[in-house]
Amino acid sequence: MQKIVSIIKNKYYLTLVLFFVWMLFLDRNDFISQYEYRQKLHQIRKDQDYYKEEIIKVKKDLKELSTDPQQLEKFAREKYLMKKDGEDIFVIVSENEEMKNK
């Protein structure tokens, strides 16, 4: 018991304990912050992979649109509702999509 009391009263030991408490819980880079940073980094890396895949898809679509006139016409008709002269276009919107847009 006397040994424990002498260790606690030691100023170097006390300083060391206070330092570790400070670094573990009170510092700007404590364990909780490090965990949050790692989670954020993981999410950013997932987003990065997703956007890399999307870039590949868009480049493929761009190549198809710039080389194939039929694909370009299909894209223009579907996305921008373009039409040829003398044609009528009927757009059918489901109720679910209509509610999402509001």
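Everything below is about the structure printed above this text.
Residues numbered from 1 in each chain as written. Predicted model: local features only at pLDDT ≥ 70, side-chain atom pairs only at ≥ 80, totals over all residues. Heavy atoms only, no water.

Q: What is the right way to look at the pattern of salt bridges in this model?
A: Where charged atoms from two side chains of opposite charge approach closely, those side chains can pair. One pass over the full model with this rule turns up three salt bridges. A salt bridge links Glu73 to Arg77; the shortest N-O distance between them is 3.1 Å. Of the two residues, Glu73 and Arg77 both sit in helix α4 (residues 69-80), four residues apart, roughly one turn of that helix. Residue classification places Glu73 among the partly exposed residues on the basis of a relative accessible area of 35%. Looking at Arg77, the relative accessible area reads 28%, which means it is partly exposed. In this structure, the salt-bridge partner of Arg77 is Glu87, at a minimum N-O distance of 3.0 Å. Taken together, the positions of Arg77 in helix α4 and Glu87 in the loop between α4 and α5 (95-101) put the pair 10 residues apart, joining distant regions of the chain. A single salt-bridge network, built from bridges that share partners, covers Glu73, Arg77 and Glu87. (Salt bridge = Lys/Arg side-chain N within 4 Å of Asp/Glu carboxyl O. Helix = DSSP H or I, 4+ residues; strand = E, 2+ residues; numbered from the N terminus. Buried < 20%, exposed > 50% of the residue type's maximum accessible area, 1.4 Å probe, protein only.)

Q: So what exactly am I meant to see when it comes to the packing of aromatic side chains here?
A: What characterises a pair of aromatic rings is the spacing of the ring centres plus the angle enclosed by the ring planes. Inspection of the entire model under this criterion finds two aromatic pairs. For the ring pair Phe19 and Phe20, a centre distance of 5.8 Å and an interplane angle of 65° mean the geometry is edge-to-face. Ring plane angle 65° and centroid distance 5.2 Å describe the contact between Tyr50 and Tyr51, whose orientation is recorded as edge-to-face. (Phe/Tyr/Trp six-rings, centres within 6.5 Å; stacked < 30°, edge-to-face > 60°.)

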